[in-house]
Amino acid sequence: MNLPGYTRLAYRCLLILLGGSGFLSGMVVVEDLTCGYSTNPLGVDNARPHLFWRLTSDEQGQRQTAYRILVASDKEALASDVGDLWDSGIVKSDQTTHVKYDGVPLTSSQNVYWKVQAWDRNGNPTAWSEPAQWTMGILESDEWQGNWITSPEQHESILLRRDIELSGTLTRAVMHVSGLGHCVVSINGQRVGQKLLAPGWTDYDKTTLYDTYDITNLLQNGDNAIGALLGNGMYHVERRGRFAKFVGSFGPKRLMAHILLEFEDGSREIVSTDEQWLTHSGPITFSSIYGGEDYDARLLPDGWDLPGFNSADWDPAVILDAYDTSTLKGHSASAHPVVEIEARLPVEVRPLAAPGAALYDFGQNTSYMPRLTVTGPKGSRVILTPGELIYPDGYITRSSMGGVYRGYSWCEYIKATDDAETWMPEFFYIGSRYIQTQAVAAEEGGPLPVIETLEGVIVHSSAEPLGRFTTSNNRLNQTRELVRWAQRSNMVSVLTDCPHREKLGWLEQYHLNGPAIRYEFDVAKIYTKGMNDMADGQTADGLIPNIAPEYTQFRGTFRAAAEWGAAFILVPWQQYRFSADTSLIRKHYPAMKRYFAYLESKAVDNILEEGLGDWYDLGPRAPGRSQLTFPPLTATAFLYRDAVALSKMASLVGQEEDSAYFNERAEEIRESFNATFFNREAGFYGGNSQAANAIPLVFGIVEPEYRKVVLENLVQDVVENDYRMTAGDVGFRFLIQALSEGGRDGVVYRMINHDRNPGYRYQLKMGATALTESWDADRNSSNNHFMLGHITEWFYEDLLGIEAMEDYPGFKRVRINPSVIDGLSWVEGGYESLHGPIRVRWDIKNAVYRLAVEIPANTSAEVHLPAMEPDRVRVNGRAIADIEWIQEMKQDSGKLVLLVASGSYVFEVNKPELPEQTD
């Protein structure tokens, strides 16, 4: 049924109001089995992986009282309810997340099958879940039977191949492979998997990622050929007439492969990288993750990865003894793979003045790989130059992508035949909206090649979308999309700040934008990998550099800013809050302590100066260095916040002495901060900037008796600036939070809902399609940067009202507390938690506030309603006292708070007591 204006949630709740459940009542199902945050993952190199499932039900108040897990070595055993690897037995628990495998020790490359049964609130068992599986990676580094191999000559790209003959009946084949910088593997001419830019970026001297593939269906009885193409990626970066952010190399391109073959007779064979592999130069003649990719199709040997290929002129591979296998990590250290998400055709193709030149406008600034289909003579070529912005004459400009003085980035394709050919780069992607094309004849005066199609292939992490948000004000919906495109464009194997000029993991975005991106996407694995990158980058004296992986060392505070390094301490706490995941805390706790000790060693009387202040705030000069909030204030504030977080995490892992120490240090830092930066007579911090006042308010640094005056000074600054934000990269998140926590959501709304001054709406007005680096959409700054995207957190946590409670991490109990704003008649959306979907819709009509919520089974919710008297509230059309699944009722901050069990509810408040919209 399609009811305009109602989502599935609203329709369900409508049926409730009409007296029916709208559900198949009584059914409880176990589903969505995942291992290590992934569905049926390959290459699991954790001997005791974490298992997850969801309990779903259409009944209110359903919960799990017990579970049983069966883990088997083959599908048949599992189907017969035999857990030969692990039978957990009936475990009385409501836990459905982070259940550690606790069975027979697993072995490398093993296939593992599992299923789950649960018992509901009445003690009744569910049916078994659908079976799921995972495949193990290599558990011990000395189990790798391959060698790192390379070509005797280093080429821009390298082809490697190996013939193998299969004489028995193959039952299973698993490949573990790493090719550096990036690698594409093929078997018998078919590409293996759909991953792009694999393996992910790391500090290759400390961590090297490998990928695992099931290749059973690609092999055949008899002759087979395995091929690999290697390119540079972040592993090797040069500057040769084109743009590059930095220059550096980890050594020669290299390949490691370990292939397990299992046969029907029970025998096993390992095929690995050794001197039997052959090498040849590849068709990519220029390979740069920054500068572009040139491909001469004439140089690709025909049939090079097929059986029977004549490889007489190929060279034997060379074994690299200098590289061992100890750095190799699989699924546990990897982010979700980068894949092709969507292919877009241009919205406009505009001829340019030069012969054979045209501008392709794809209408959206995002992370692309171009896919070209071209006809024309052999040897003719097409040059593709990407850009975010264009000059009035239609040609692209590099002004926002690193500047012309550092060189352009482009791709070039040379045809191999006179027929139509299709090509897409393998080892280069770019953030852009436009592609400027230039057709070049094979010989002077000859016919030009013709572009038949040019697609913009959107590429980024395959992390699942989790959030949905929409309001009655389409301006807010457009703002959310502006931010979301920037988030998408910067999700690769690290969280980059921009997908063109930098492509680096600047750490402040990991924590400052952590909740914003977590509400939108399943980034737990990206954050797990990010923490490993930070740990790899930690120096001997404890410093966490500003970027991770640290491919280049920036100078001074650009390497050692406390606001950036704070990610190493704050990210694990955010992961705990959103996912109930303590693994990052437990793994990195000693290193976090070393980082805090480093910060303490740099502080003088508890004041820390190693910071960048409120980077890219809005002041009188061009954006960049902080103009309104000086670094010691922000750096010291984060020193305090680090101590508070460490105190909580220490207690969580049973380090109570540490917890007490960090709590004491936090109080000492707070006192020094207030003594140094607070003007008691005037009631403001530092220079009375938005960031200077907001950060102490949110961090809890402000003494209780001064909170009101500091908040009033903050509000006054926003109002006097014509509701314009001046806070930047570091301060803006806390500006929003300080205003919201102080009951001034109306001020936040006015601040983001106009286009008179620089801000989100102003960026849209200036034509931006992704969030820009600067509030004023400066053409000399990046036009695809998610560092100012903090507003998304406010959309979900305040307007929609979905908030993870610290005492119930992972949304085991969720707080539903929407902020009602003048100018909004309704807000609707949801978040896919680990336990299931949390959905909310509120609206106001005819003096009735209506809140529809859906809470997943096996969880509960704390619902805040704008009413003090219970008799003004109806729930599913009935009085509160008549609802069985309302477990508790109290009053808090002028609202009625109900603790409700799982299920769908419609709350109606007659003449709601709404907060006064003060400016």
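Structure shown above.
Just so it is clear, the structure is predicted and the values come from calculations on it, not from any experiment.

Parameters at a glance
- By convention here, each chain's residues receive numbers from 1 onward along its written sequence.
- In view of the model being predicted, local features appear only for residues whose pLDDT reaches at least 70, and side-chain atom pairs are presented and counted only at 80 or more, with totals across whole chains, interfaces and linings using the full set of residues.
- By convention in this description, side-chain values take in all heavy atoms of the structure and omit both hydrogens and water.
- Per the convention used, a helix needs a DSSP run of H or I reaching at least four residues, while a strand needs a run of E reaching at least two, with both numbered from the N terminus.
- As a reference, a globule follows 2.2 Å times the number of residues to the power 0.38, and the radius of gyration itself is taken over C-alpha atoms.
- Contact between two residues is taken to exist if any of their heavy atoms lie within 4.5 Å; hydrogens are not considered.
- Here the accessible surface of atoms and residues is derived via Shrake-Rupley with a 1.4 Å probe, and residues count as covered only by protein chains that are part of the display.
- Here the positive residues are Lys and Arg and the negative ones are Asp and Glu; neither His nor the chain ends is included.
- Every charge is mapped to an atom, namely NZ of Lys, CZ of Arg, CG of Asp or CD of Glu.
- Exposure is judged per residue with a 1.4 Å probe applied to protein chains only, and the accessible area is read against the type maximum: over 50% gives exposed, under 20% gives buried, and values in between give partly exposed.
- A pocket here means an open set of points on a 1 Å grid, computed over the protein atoms alone, that has protein on both sides within 12 Å along at least five of seven lines. A cavity is instead a set of points where a 1.4 Å probe fits but cannot get out; residues with an atom within 4 Å of a point line either one.
- Grid points are joined across faces, edges and corners, and a volume is the space filled by probe spheres set on the points.
- Any residue outside Ala, Val, Leu, Ile, Met, Phe, Trp, Tyr, Cys, Pro, Asp, Glu, Lys and Arg is labelled polar, Gly included; the first ten of those are nonpolar and the last four are charged.
- Two strands pair under a simple rule: DSSP has to find at least two bridges between them.
- With axes taken as lines fitted to C-alpha atoms, and helix axes fitted only over the stretch in contact, angles between N-to-C directions fall between 0 and 180 degrees.
- Crossings are classed by handedness, with left-handed meaning an anticlockwise turn of the near helix from the far one by less than a right angle and right-handed meaning a clockwise turn.
- Roughly parallel means an angle under 35 degrees; roughly antiparallel, over 145; roughly perpendicular, 65 to 115; everything else is oblique.
- Within 6.5 Å between ring centres, the rings of Phe, Tyr and Trp (the latter by its six-membered ring) count as paired, and their orientation is classed by plane angle as stacked under 30 degrees, edge-to-face over 60, tilted in between.
- To sit over a ring, a charge needs its Lys NZ or Arg CZ within 6 Å of the ring centre and within 35 degrees of the ring normal.

### Concerning the overall build of the protein chain
- Each helix and strand counted, the protein chain has 18 helices and 48 strands in total.
- Computed over its C-alpha atoms, the radius of gyration of the protein chain comes to 29 Å, within 12% of the 29 Å expected for a compact globule of 919 residues.
- C-alpha atoms of the protein chain, sized along the principal axes, occupy 85 × 70 × 60 Å.
- Looking at the protein chain alone, contacts between residues at least 24 apart form 75% of all its contacts between residues at least 6 apart.
- For the protein chain, the exposed surface amounts to about 33500 Å²; the carbon and sulfur share of it is 46%.
- In the protein chain, 83 positive and 120 negative side-chain charges are present, and the distance between their average locations comes to 4 Å.

### Comments concerning the environment of His331
- Here His331 shows up in the loop between β26 (328-329) and β27 (338-344).
- Using a relative accessible area of 12% as the deciding quantity, one classes His331 as buried.
- Spatially, the C-alpha atoms of His331 and Gln95 are 23 Å apart, while their sequence positions differ by 236 residues.
- Residue contacts for His331: discarding those within four places in its chain leaves Cys35, Gly36, Ser38, Pro41, Leu42, Gly43, Val44, Asp45 and Lys525.

### Digging into the layout of surface pockets
- The calculated volume of the largest pocket comes to roughly 1400 Å³.
- Taken together, 46 residues form the lining of the largest pocket, with Glu741, Glu797, Asp798, Glu803 and Arg815 sitting closest to its centre.
- Of the residues assigned to the lining of the largest pocket, the class counts are 18 nonpolar, 12 polar and 16 charged.

### Things to note about the pairing of strand β21 (residues 278-281)
- With 4 bridges connecting them, strand β10 (residues 158-166) and β21 associate as antiparallel partners. Counterpart to Ile158 in the pairing with β21 is Ser281.
- Across 2 bridges, β21 lies against strand β24 (residues 315-316) in antiparallel orientation. The residue bridging Thr279 from the neighbouring strand is Asp315, located in β24.

### Regarding the packing of helix α10 (residues 583-602) against helix α11 (residues 631-652)
- Where α10 contacts α11, the axes come no closer than 11 Å and their chain directions differ by 145°. Note that α10 runs across α11; the crossing there is left-handed. For the pair α10 and α11, the contacting residues are Ile585, Arg586, Tyr589, Met592, Tyr595, Phe596 and Leu599 in the first and Leu639, Asp642, Ala643, Leu646, Met649, Ala650 and Leu652 in the second.
- By residue class, the composition of the contact of α10 with α11 is 12 nonpolar, no polar and 2 charged.

### Examining the packing of helix α15 (residues 732-741) against helix α16 (residues 745-752)
- Where α15 meets α16, the closest approach of the two axes is 7 Å, and the angle between their N-to-C directions is 140°. Relative to α16, the element α15 lies oblique. Contacts between α15 and α16 pair Phe732, Leu735, Ile736, Leu739 and Ser740 from the former with Asp745, Val747, Val748 and Met751 from the latter.

### Some points on the packing of aromatic side chains
- Applying the stated rule across the entire model yields 50 aromatic pairs.
- Consider the rings of Trp144 and Tyr210, whose centres lie 4.9 Å apart with planes at 85°: the pair is edge-to-face. Taken together, the positions of Trp144 in the loop between β8 (132-136) and β9 (149-150) and Tyr210 in the loop between β14 (208-209) and β15 (211-214) put the pair 66 residues apart, joining distant regions of the chain. Taken as a pair, Trp144 and Tyr210 share a single burial class, namely buried.
- Geometrically, the ring pair formed by Phe638 and Phe734 is edge-to-face, given 6.1 Å between the ring centres and 65° between the ring planes. Here Phe734 lies in helix α15 and Phe638 lies in helix α11, a separation of 96 residues in the sequence.
- An aromatic cluster of at least three residues, connected via ring pairs, comprises Phe469, Tyr519, Phe578, Trp794, Phe795, Tyr796, Phe811 and Tyr831.
- Taking the ring centre of Phe243 as reference, the NZ or CZ of Arg398 above it sits at 4.6 Å.

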